[in-house]
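# Residue-level structural notes
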Amino acid sequence: MADSGRLTRARDAMPWLTPVALLRVAIVLAVLVIWQLMAISGWFYSDVVPALPVIAVALAKLLSSGDFYWNLWVTIDEIGIGLLIGGLSGLATGLVIGANTFLAKAFEPYLYYLGPTPKIIFFPVMIMWFGVGAGAKVAMGAVSCFFPIALNVAAGMRQIDQVLIRVGQSFRANPWQMAIKIYLPAMRHPIINGLRLGLGVAVIGTLLAETKMSNRGIGFLVIQAYSMFDMPRMYAILIVLFVVAIGANALVAHFGGLDQIKQK
Amino acid sequence: MSAATRLTTRRWVPPLVGLASMVLILAAVEILIRVGLINRYIVPLPSKVLASFGRVIVEEDVLHRFLLTAWECLAAGVLLTVCGVAIGVLLHRVPLFRLACETWVAAMASAPLVLAYPLFLVIFGRSSLTIIMLAFIAGLAPVILKTIEGLSATRRVLINVGRSFKLTPAQQFWKIYFPSALPTIFVGIRLGLIFALINVVGVEFLINFGGLGQLINELAERYDLPGTYAAICFVILVSVVFFATTERAERWLTAAD
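Residues numbered from 1 in each chain as written. Chains lettered and ligands numbered in written order. Predicted model: local features only at pLDDT ≥ 70, side-chain atom pairs only at ≥ 80, totals over all residues.

## So, the overall build of chain A
When you go through chain A residue by residue, the secondary structure sums to 13 helices and zero strands. For chain A, whose C-alpha radius of gyration is 24 Å, the value lies well above the compact-globule estimate of 18 Å for 264 residues. The dimensions of chain A, computed from C-alpha atoms along their principal axes, are 70 × 65 × 30 Å. The proportion of buried residues among the 264 residues of chain A is 39%. Partitioning the contacts of chain A with sequence separation of at least 6, the portion at a separation of at least 24 is 75%. (Helix = DSSP H or I, 4+ residues; strand = E, 2+ residues; numbered from the N terminus. Rg over C-alpha atoms; globule rule 2.2 N^0.38 Å. Buried ≥ 20, exposed ≤ 12 C-beta atoms within 10 Å, placed from the backbone. Contact = placed C-beta atoms within 7 Å.)

## Points about helix α5 (residues 101-114) of chain A
The first and last C-alpha atoms of α5 of chain A sit 20 Å apart over 14 residues, in line with the 20 Å expected at 1.5 Å per residue. In the structure, α5 of chain A departs most strongly from a straight axis at Phe107 of chain A, where the bend amounts to approximately 45 degrees and where the proline Pro109 of chain A lies between one and four residues downstream. (Expected span 1.5 Å × (residues − 1). Bend = angle between axes of the 7 residues up to and from the residue.)

## Details of helix α12 (residues 231-255) of chain A
Over its 25 residues, α12 of chain A extends 36 Å from the first C-alpha to the last, a length consistent with the 36 Å expected when each residue adds 1.5 Å. Looking only at α12 of chain A, the buried set comprises Met231, Pro232, Arg233, Met234, Tyr235, Ala236, Ile237, Leu238, Leu241, Ala245, Asn249 and Ala253 of chain A.

## Observations regarding the interface of chain A and chain B
Counting residues at the interface gives 41 residues for chain A, matched by 37 residues for chain B. Looking at the side of chain A that touches chain B, the elements that each hand over two or more residues are α2 (19-41), α5, α6 (123-130), α10 (188-212), α11 (218-227) and α12 of chain A. Among the elements that line the side of chain A that touches chain B, the one with the most residues is α12 of chain A, at eight residues. Classifying every residue of the side of chain A that touches chain B by side-chain character gives 34 nonpolar, four polar and three charged. (Nonpolar A, V, L, I, M, F, W, Y, C, P; charged D, E, K, R; others polar.)

## Remarks on the nonpolar core
Core analysis: the biggest nonpolar cluster contains 129 residues, and Ile237 of chain A together with Leu134, Ala135 and Ala196 of chain B have the highest contact counts within it. Examining the composition of this core, we find that 19 residues originate from one element, helix α8 (residues 169-207) of chain B, more than from any other. In contact with Ala196 of chain B, other than residues within four places in its own chain, are Cys73, Ala76, Gly77, Leu80, Ala135, Ala138 and Gly139 of chain B. (Core = buried A, V, L, I, M, F, W, Y, C linked by C-beta atoms within 7 Å.)

## Points about the domain arrangement of chain A
Taken domain by domain, chain A holds domain 1 (2-46) and domain 2 (60-263). Just the C-alpha atoms count here: the centres of domain 1 of chain A and domain 2 of chain A sit 36 Å apart. (Domains from an automatic or database assignment.)

So, in structure tokens, the structure goes:
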């Protein structure tokens, strides 16, 4: 009884101290302990499974180096421009296809079936068209994010409540006003969802292109660490990369209100 | 013209317009290249690309490469089906684990795991195993999430029927939960297989090893432009056929539900 009382008081003082949180901490600790045991057991190459302090030092070095932030900025820049180009063209295509049933029947199957193809195979073509510089990486990002955004916007356009459209028409809104005041606000969630999916694939497209042929960007840092067999640095870069990618995805979902939809 | 004929005609007009537009675009590109407005050393003539299909298929041993890519996809597919469904069932059976780990699995789905391919190269070497393991890891999350979703959506009335027959937990799972969740689990497996195919071809291209992905890389490095474009078209065709087939299977399974 006294124990349960103490537990309740502790939980009141620390509301995050739930069984789920404790289990999560236990899982993380177990993984770290297993990793460390693997590293010091001598069963694996120490370069392939480095000890945790070695990875921590590599992570600290990476995060305190100006070179890393410069390369991160290059990648963010390429992804941002790619997302802007692919996003705007995807939005325009989705609006046109979503608003017209005939065009949807004629062209949407091409978008639908081209969407899941591996976009990295277009990289040789992008190099020929845009050169070996940032242009090809931006193009890879744009091509990657175009399809999910266009398909989501087209689907969102078809789901708009007809009452809202009739309200706009009864106010004699012109096409621009209809787009700004009716269509886009009504399609906020499909657009944000498309943007979230588009961001994910744009990150992958751009970074893979950087690993294939580049002398700057995070993808280049990953492949550079691989060619120098600097495994702790590679682990550090991948950890940062995954945290940034998952964080960016969660931020887009949060600010777009997608997490609220899921809670409902 | 009867109403049925009019309806059939109306149904076929949009796809035909779409197809005709694609042919027109290709014809326009052909003309623009021939008059010199598009550089033929950057974009090859569509007619040359079409003509090079036969050469690429025969000279580059496309059948063997296709079978290798298909085998890698199949191996990754079997792995992610067995492991993904098992993990999904485990998380469904132990609610505390589910609460703790489901968000992590969802986060894993949004992480660019394919970027860890240099790490996999170090661990597994430049072999099919690297490609299979990466495809497996990349396709795992949707299978786990959809398995949990399918099992959780089992109708209460079915569970109660099982209880009224005093089924053992194993019988309850195999006779009630699993058949009820199967269509949703298949949706997850289909998504996982699509991710696996994307990653298999992508990694083959990146590490220049294996089947169809390597073919594109090799042709591009030889600066065989029509061949590169033809190989890209072939990969697109394969992924479209794969996507359409799995989609049909999913529809059939959902309808059977």
